Amino acid sequence: CGIGKRYGSTWALRECTVAIPDGHVAALVGPNGAGKTTLLNLAVGLTASTAGTVTVLGGTPPGSAAALDGIAFVGQDTPLYTNLSVTDMLHLTRNLNRHFDQGYAKARLGELEIPLTRRTGKLSGGQRAQLALTLALARRPRLLVLDEPMSSLDPLARHDFMATVMTAIADDGVSVVLSSHTLAELERVADYFILLSRGSVQVAGEVDDLLAHHR
């Protein structure tokens, strides 16, 4: 509520108020520089707000143990240690988290035909994105936060990535917030819409309600 984030003298977000309901696929859309990454970083506890209050999962402070257990985050550069093998990434992620379903991760990577012995730096862009997503989902989160994870992928890899996300939603009831500067990427999967521009929320609501209103 009334969230603000300032870097030096520049406000990345100002008087930004939005509440995302549980059980939705929420699309966070806006031009580059609108503040999307800043808002998501606040939600997952990677940075603190300059003004206002941020809560997640029904009132939990970001960065708390409960929030860390309940939220999985995939950044736009799908961060992985490129010198480690896929198996090493599985072990590392398991050791850094209190909950990690290694059986699910291995099974998912097997379905995707991603070799466990290959270094992550030798994987294709689509395979790296799928590995990062699999590591996130294996934590069995309540909320999955994706910051432009498909920006560098080709159309086929984008399709496969979103298919994995939609399967997790259907099978595990995961809520999702994903950002993009391209609405067309998200309009077929999102049922909640947030438009961010110049550091403020311009529009937010259920997709069906927004469509009905603007018609």
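Scroll up to find the structure this text is about.
Treat the numbers as computed from the prediction; the structure is a model and nothing was measured.

Draft legend 1. Helix α6 (residues 155-172), seen in detail. Between the first and last C-alpha of α6 there are 26 Å, a value that for 18 residues agrees with the 26 Å anticipated at 1.5 Å per step. Of the surrounding elements, those touching the buried residues of α6 are β3 (25-29), α4 (102-111), α5 (125-137), β5 (143-147) and β6 (175-180). Its side-chain oxygen 3.1 Å from the backbone nitrogen of leucine 156, aspartate 154 forms the N-cap of α6. At the C-terminal side of α6, glycine 173 shows a positive phi close to 70 degrees.

Draft legend 2. Representation of helix α3 (residues 86-96) in the model. Among the residues of α3, Val86, Met89, Leu90 and Thr93 are the ones counted as buried. All buried residues of α3 fall inside an arc of 100 degrees around its axis, so they share one side. Those residues of α3 that are buried are in contact with α4 and α5.

Draft legend 3. Main features of the packing of aromatic side chains. Under the counting rule described, the total for this entry stands at 0 aromatic pairs. Sitting above the plane of the tyrosine 104 ring, arginine 140 keeps its charged end 4.4 Å from the centroid.

The rules we used
- Residues numbered from 1 in each chain as written.
- Predicted model: local features only at pLDDT ≥ 70, side-chain atom pairs only at ≥ 80, totals over all residues.
- Heavy atoms only, no water.
- Helix = DSSP H or I, 4+ residues; strand = E, 2+ residues; numbered from the N terminus.
- Expected span 1.5 Å × (residues − 1).
- Contact = heavy atoms within 4.5 Å.
- Polar contact = N/O pair within 3.5 Å; in protein donor to acceptor, adjacent residues only side chain to side chain.
- Buried < 20%, exposed > 50% of the residue type's maximum accessible area, 1.4 Å probe, protein only.
- Arc of directions from axis to C-beta.
- Phe/Tyr/Trp six-rings, centres within 6.5 Å; stacked < 30°, edge-to-face > 60°.
- Lys NZ or Arg CZ within 6 Å of the ring centre and 35° of its normal.

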